[in-house]
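Inside the fold
As a plain string of letters, each chain reads:
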Amino acid sequence: MALHTCRICGNEKENRTYNVREMLHGTREPFEYFECSDCGCVQISEVPPDLARFYPSDYQVYKNYGRRARNRTRRVVDSARVGYALSGKGIFGRVAHALLPELDYVEWARIAHVGRDDRILDFGSGAGKMLIRMMQGGFRGLEGADPFISGDIHYPGVTIHKAGLDEMIERHEGAFDFVMMHHSFEHIDHQVTLMRQVARLLAKNGRLLIRIPVVASEAWEHYRENWYSLDPPRHLYLHTQDSFRRVAREAGMEIFHTVYDSTGTQFSQSELYCRDIPANAPRAARDIFSKAQMKAYEARAVELNREERGDQAAFFLRRPSGQDA
Ligand SMILES: [Zn+2]
């Protein structure tokens, strides 16, 4: 296979290359990416053989969330308002629901028809921040899996396995009503195989949520090499709707709903990269941009999400009807 053959659709013609630098930690190590002229997927030209080197142990997802897990007030409030949001029951929950902004996972649960007793897996969970938030919202069947944590983690009501996909399939094939991948899918090579394997964890009528950066966005068109979500070399694939749909189809899945959920970060962080400032620099975006500017970035993100031009999306997938295992 030629160096610039699209690993999603096989096209090798007129694929434009970009030279991008590592800017999350600011090592400025160069990596080449290319944009497929057919399916639009932007991908790293060569997957580094030593990817683990780019995930230092202080990588932000590997924190310990024990304290947060034991926060009782939060649990009482969130569990009541999520209960109200999903069932329309409970007076205290109704008040809390009216006063507080809706939780992201409530929207996901509604779209995917997932209840609080369903068995849910966050694959690539890190130390489990999302799971702990959902546990506080009253979800009871929560598990996580991540091959890169130091060992199994147990919080009250949440178990996180130190396990990769193969081990999870061996132990839990067909077990989960809902499998989520939050910004981990783009970090893994062999996208079709990956999705096919993840789908094996789903129960009959199971739903899959994959949240990824998307390249068919204003931020990519405007910032190109300085686009924050490229995150070289950790992000191997930046999909368009089209390229992601191809992956789904080949993996025997179909997208039944999409929610754009990009944030102001697509502007503030990309602007930092334009100024040669790494994401983890002490002079964070908040010190450089005024409050009004940060607010304007957030507002623009909301607008772009509505137009399906934001740089992140949540894809909801299922097996095509009639093909449930
Ligand atoms: Zn392609």
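Reading guide: rules and limits
Residues numbered from 1 in each chain as written. Predicted model: local features only at pLDDT ≥ 70, side-chain atom pairs only at ≥ 80, totals over all residues. Buried ≥ 20, exposed ≤ 12 C-beta atoms within 10 Å, placed from the backbone. Helix = DSSP H or I, 4+ residues; strand = E, 2+ residues; numbered from the N terminus. Pairing = 2+ DSSP bridges. Right-handed = clockwise from strand over helix to strand, strands pointing away. Contact = placed C-beta atoms within 7 Å. Domains from an automatic or database assignment. Nonpolar A, V, L, I, M, F, W, Y, C, P; charged D, E, K, R; others polar. Axes fitted to C-alpha atoms, helices over the stretch in contact; angles between N-to-C directions.

Here's the deal with the pairing of strand S5 (residues 141-145)
For S5, the tally of buried residues reaches 4 of 5 residues, placing the bulk of the element in the interior. Note that strand S4 (residues 119-123) and S5 share 5 bridges and pair parallel. Counted as the bridge partner of Phe-123 is Ala-145 from S5. The β-α-β motif built from S4, the intervening helix H5 (residues 129-136) and the parallel element S5 has right-handed crossover chirality. In the sheet, S5 pairs with strand S7 (residues 158-161) via 4 bridges, with the strands oriented parallel.

Re the environment of Thr-159
Along the polypeptide, Thr-159 turns up in strand S7. For the pair Thr-159 and Phe-178, spaced 19 residues apart in sequence, the C-alpha separation works out to 15 Å. Excluding its chain neighbours within four sequence positions, the residues that come into contact with Thr-159 are Glu-143 and His-154.

Points about the environment of Pro-156
Its place among the elements puts Pro-156 in the loop between strand S6 (153-155) and S7. Residue classification places Pro-156 among the exposed positions, given that 10 C-beta atoms sit within 10 Å. Expressed as a C-alpha distance, the spacing of Pro-156 and Ala-109, which sit 47 residues apart in the sequence, is 21 Å.

With respect to the domain arrangement of the chain
Splitting the chain by domain gives domain 1 (1-46 + 184-189 + 205-325) and domain 2 (60-182). A C-alpha centroid distance of 25 Å is found between domain 1 and domain 2. Opposite the 12 residues of domain 1 that make contact, domain 2 presents 14 residues. Among the elements of the structure, strand S9 (202-213) and strand S12 (312-318) are those that each provide at least two residues to the side of domain 1 that touches domain 2. Looking at which element gives the most residues to the side of domain 1 that touches domain 2, the answer is S9, with 6 residues. Class assignment for the residues of the side of domain 1 that touches domain 2 results in 7 nonpolar, 3 polar and 2 charged.

Describing the sheet that holds S12
Spatially, 8 strands are ordered S6-S7-S5-S4-S8-S9-S12-S11 in an open sheet, and the strand pairing comes out mixed. Both edges of this open sheet fall to S6 and strand S11 (254-260), since each of them pairs with a single strand only. Averaged over all pairs of adjacent strands, the angle between their axes in this sheet comes to 20 degrees, without regard to strand direction. In the packing of helix H7 (residues 191-199) onto the sheet, the strands contacted are S4, strand S8 (176-182) and S9, and the crossing angle to S9 comes to about 140 degrees.

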